[in-house]
Amino acid sequence: MQAETKTTIDRVAGANGASISVLRFTGDISSTSKDSVLGAWQTVGRTGPVLLDFSKVEYINSSGIALIIQMLMEADKTGQKVAIFGLTPHFQKVFTMVGISKYAGLHKDEPTAAATL
Amino acid sequence: MTKTTGTSVEVRLPSRLGFEKVAMGTAASVAALMGFPPERIEDLKTAVAEACINAIEHGNQLNEKLSVGVILSASDHELEVKVVDNGSGISKQPPAPDIDRKVHGEEDPRGMGMFLIQALVDEAEWVHDSKDSKSYVRLVIRLDKENE
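Residues numbered from 1 in each chain as written. Chains lettered and ligands numbered in written order. Predicted model: local features only at pLDDT ≥ 70, side-chain atom pairs only at ≥ 80, totals over all residues.

Moving on, we get to the overall build of chain A. Check the secondary structure of chain A and you find four helices and five strands. Listed N to C, the secondary structure of chain A is β-β-α-β-α-β-α-β-α in terms of helices and strands. Relative to its length of 117 residues, chain A is compact, with a C-alpha radius of gyration of 13 Å against a globular reference of 13 Å. Taken over the C-alpha atoms alone, chain A extends approximately 40 × 25 × 25 Å along its principal axes. Within chain A, buried positions represent 41% of all 117 residues. The contacts in chain A between residues at least 6 apart in sequence include a share of 67% that link residues at least 24 apart. (Helix = DSSP H or I, 4+ residues; strand = E, 2+ residues; numbered from the N terminus. Rg over C-alpha atoms; globule rule 2.2 N^0.38 Å. Buried ≥ 20, exposed ≤ 12 C-beta atoms within 10 Å, placed from the backbone. Contact = placed C-beta atoms within 7 Å.)

Residue and element names in this part refer to chain A. Helix length check: helix 2 (residues 62–78) (17 residues) gives 25 Å between terminal C-alpha atoms against 24 Å at 1.5 Å per residue, within 8%. By the burial criterion, the buried members of helix 2 are Ser62, Ser63, Gly64, Ile65, Ala66, Leu67, Ile68, Ile69, Met71, Leu72 and Ala75. Among the residues trailing helix 2, Gly79 stands out with phi positive, at a value near 70°. (Expected span 1.5 Å × (residues − 1).)

We now examine the interface of chain B and chain A. Across the contact, 21 residues belong to chain B and 22 residues belong to chain A. Residue assignment for the side of chain B that touches chain A shows that the elements contributing at least two residues are helix 2 (38–59), helix 3 (99–103) and helix 4 (113–120) of chain B. Of all the elements, helix 2 of chain B adds the most residues to the side of chain B that touches chain A, at six residues. For the side of chain B that touches chain A, the class distribution of residues is eleven nonpolar, four polar and six charged. (Nonpolar A, V, L, I, M, F, W, Y, C, P; charged D, E, K, R; others polar.)

Written as C-alpha cells, this is what we have:
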C-alpha cells in the first residue's frame, strides 16, 4: 500500500563552486521510509551543505516529517546547512506549520535552493 | 456537479499502516464531487490520513483483527468525516509541537498528527463512546471557508 521510498545521492556544485550533496527522494515518506531516508543521510558527510529533493514525492505523513526532523537534528549539531526544494504547495504549507522552515529553507526548485547554501 | 447532499459513504480499513491512503482517496473523491477547491482537498487528505494513522497505531494498536471505520457525510455546506477505532480515546490534547525542542532532542520528533489535523480542518473533536467502547475523531471542512 505504501509506495516504496527510494533515495539517491547526487553531488552538484554550489554558487561558490563548493560541493553540495543532494538527497533525491522518490515514493512516499512515511514510517516505512526510515532505512531509505536516514540510511542515505548517514552516507553524506557531516560538514558540507545538503539539499533535500521532494519533487518526486506525493505523500508525506507525520512519521515522514519526523524523519526529516531527525536529519535536521543531526545537521544542527554540526552547523550543517540544509535546504529543501520540490515540495507541493500543500506540503510547503505543512512544513511551515510544523516549523521545519526555521531550520531548512523551502524553495521551489534546485537552482534557487542551491544558491542559498 | 454530482448531487452529494445527504450522501454518506463508509469505508472500513484494516489496522495496517498504509491503508490510510484508501481513506485519503475516498475523502478526496467525495470532496471533489462537493466542489471543494484543490487546496482544501489536500488539507483534508492530510487530516484524514493522520486521523487514520492514529486510529490504526494508537486506537487499534496495529491489531489487524480490528478495523478502522471511516464515515463521510456530505451536506450542503460541509463534509464531516468520522474515523472510528476500538481504543479508549485521548485523555488530554498533547501540546503543540515545538520545533526548537524537537531539533534539540528535547521532544520526540514524532507526535504531530493531532496538531496537523486541527490546523488543516475547520473543526476537529475527539470523542470516546464508553457505551460502544469505541472512540472517534470527527473532522469537518466547510465549503464556504474560501469566501470568509
